[in-house]
Amino acid sequence: MTTPRLTAAAYATGGLLFLLYPAIRPSGDDAAAMASTAWVTGHAAAMIGFILLGLGALGLHQVLGDRLSLRAAVVTWIGAGLTLPYYGAEDFGLNVIARRSLRDGAPALMELAEEFRYGPVAVTMFAGGLVLLGVGTVMAALAIWRSGTLPRWSGVPLALGFALFIPQFFGPYPLRVAHGALILVGGLWTAAVLWRPDSPAARQSTGATRT
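Everything in this summary refers to the structure shown in the same document.

**A look at a nonpolar patch on the surface**
On the surface, Ile 51, Leu 55, Leu 58 and Trp 77 cluster together into a nonpolar patch covering about 340 Å² of accessible area. Counting residues per element, the nonpolar patch draws most heavily on helix α3 (residues 37–64), which supplies three residues. Among the secondary structure elements, Trp 77 is positioned in helix α4 (residues 67–104). The partly exposed category is assigned to Trp 77, whose relative accessible area is 39%.

Structure below.
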């Protein structure tokens, strides 16, 4: 499988996982929600999605080969690295606290969840990581726009989705699902233009392999 198609697979699968994240995740943030299997599954989908986004950005640089796409990949990887620890704690740590709270009938234990979520170091890393992911996807969209080999608008929906990642946390649950759908559309569009065997990117990759 060529680099464009591997990159396309990363973007498409990642986009699907970012839709599954809010669709599976419970709409509430109480102990019952955090103790559920759906909480763990939904957040795990997001974490894998962040990893695939980084792989997609790296593959896009291998397809385009310019400095801007390289910088986009670097910024995306740093953003994912800063974001994933928070998501891991949200997924597994809060799940353990919530299950213990329900089992022992001790709602006060849920105060630990709030202490983690709004701890200055944790929330700063988390917000900084998401900002960098937004910057990285915008840079990738600009690299696509300037490439001359891929449709100009194909990177815009994905960039918009990650630029809105922080604001969507403050919206109602249906808006969060709609945001996941936006990222899916962005991932599928980018994947589609990379996957087509007659695309300029695919021909460029094939030509490079044959030389």
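**Some words on α3**
Taking 1.5 Å per residue as the helical rise, α3 with its 28 residues ought to reach 40 Å, and the 40 Å between its terminal C-alpha atoms agrees with that figure. At the C-terminal side of α3, Gly 65 shows a positive phi close to 70°.

**Examining the packing of α4 against helix α6 (residues 120–147)**
Between two packed helices, what matters for the description is the angle formed by their axes and the separation of those axes. Where α4 contacts α6, the two axes come as close as 7 Å, and the packing angle between them is 155°. As judged from the angle between their axes, α4 and α6 are roughly antiparallel. Considering only the axes of α4 and α6, their crossing is left-handed. When its residues are assigned to classes, the contact of α4 with α6 shows 21 nonpolar, eight polar and two charged.

**Remarks on the pattern of salt bridges**
For the structure shown, the criterion picks out five salt bridges. Between Asp 29 and Arg 117 there is a salt bridge, with the nearest N and O atoms lying 3.6 Å from each other. Residue Asp 29 is located in the loop between α1 (3–24) and α2 (31–34), and its partner Arg 117 is located in helix α5 (residues 110–117); the two are separated by 88 residues in the primary sequence. Assessed through its relative accessible area of 39%, Asp 29 is described here as partly exposed. We classify Arg 117 as buried; its relative accessible area is 9%. The salt bridge partner of Arg 100 is Asp 104, with a shortest N-O separation of 2.5 Å. Of this pair, Arg 100 and Asp 104 are both found in helix α4, four residues apart, which corresponds to roughly one turn of the helix. Note on Asp 104: relative accessible area 40%, which makes it partly exposed. Sharing partners across several salt bridges, the network here consists of Arg 25, Asp 29, Glu 90 and Arg 117.

**Things to note about the nonpolar core**
Tyr 11, Phe 50, Tyr 87, Phe 162 and Phe 165 are the most contacted members of the largest nonpolar core, which totals 34 residues. Elements represented by at least two residues in this core include exactly α1, α3, α4, α6, α7 (156–163) and α9 (173–195). Per element, the largest residue contribution to this core is eight residues, and it comes from α3. Not counting chain neighbours up to four residues away, the residues in contact with Tyr 11 comprise Leu 53, Gly 56, Ala 57, Leu 60, Leu 158, Gly 187, Thr 190, Ala 191 and Leu 194. Counting residues in each nonpolar core, the second largest holds nine residues, with Ala 31, Met 34, Ala 98 and Ala 113 among its members.

**Looking at the layout of surface pockets**
The probe, sized like a water molecule, is rolled over the atoms to show the empty space still left. The volume enclosed by the largest pocket comes to roughly 500 Å³. Forming the boundary of the largest pocket are 19 residues, of which Tyr 86, Arg 117, Tyr 118, Phe 126 and Phe 169 lie nearest the centre. Those elements that place two or more of their residues in the lining of the largest pocket are α4, α6 and α9. Considering only residue class, the lining of the largest pocket consists of eleven nonpolar, three polar and five charged.

Rules and cut-offs
- Residues numbered from 1 in each chain as written.
- Predicted model: local features only at pLDDT ≥ 70, side-chain atom pairs only at ≥ 80, totals over all residues.
- Heavy atoms only, no water.
- Patch = residues over 30% accessible without salt bridge, like charges linked within 9 Å, V, L, I, M, F, W, Y side chains within 5 Å.
- Areas by Shrake-Rupley, 256 points an atom, 1.4 Å probe, with all protein chains shown as cover.
- Salt bridge = Lys/Arg side-chain N within 4 Å of Asp/Glu carboxyl O.
- Helix = DSSP H or I, 4+ residues; strand = E, 2+ residues; numbered from the N terminus.
- Buried < 20%, exposed > 50% of the residue type's maximum accessible area, 1.4 Å probe, protein only.
- Expected span 1.5 Å × (residues − 1).
- Axes fitted to C-alpha atoms, helices over the stretch in contact; angles between N-to-C directions.
- Parallel < 35°, antiparallel > 145°, perpendicular 65-115°, else oblique.
- Left-handed = near helix turned anticlockwise from the far one by under 90°.
- Nonpolar A, V, L, I, M, F, W, Y, C, P; charged D, E, K, R; others polar.
- Core = buried A, V, L, I, M, F, W, Y, C linked by side-chain atoms within 4.5 Å.
- Contact = heavy atoms within 4.5 Å.
- 1 Å grid on protein atoms, 1.4 Å probe; cavity = no way out; pocket = protein on both sides within 12 Å on 5 of 7 lines; lining within 4 Å.
- Points joined across faces, edges and corners; volume = space filled by probe spheres on them.

Everything listed is a geometric property; what it means functionally is a separate question.
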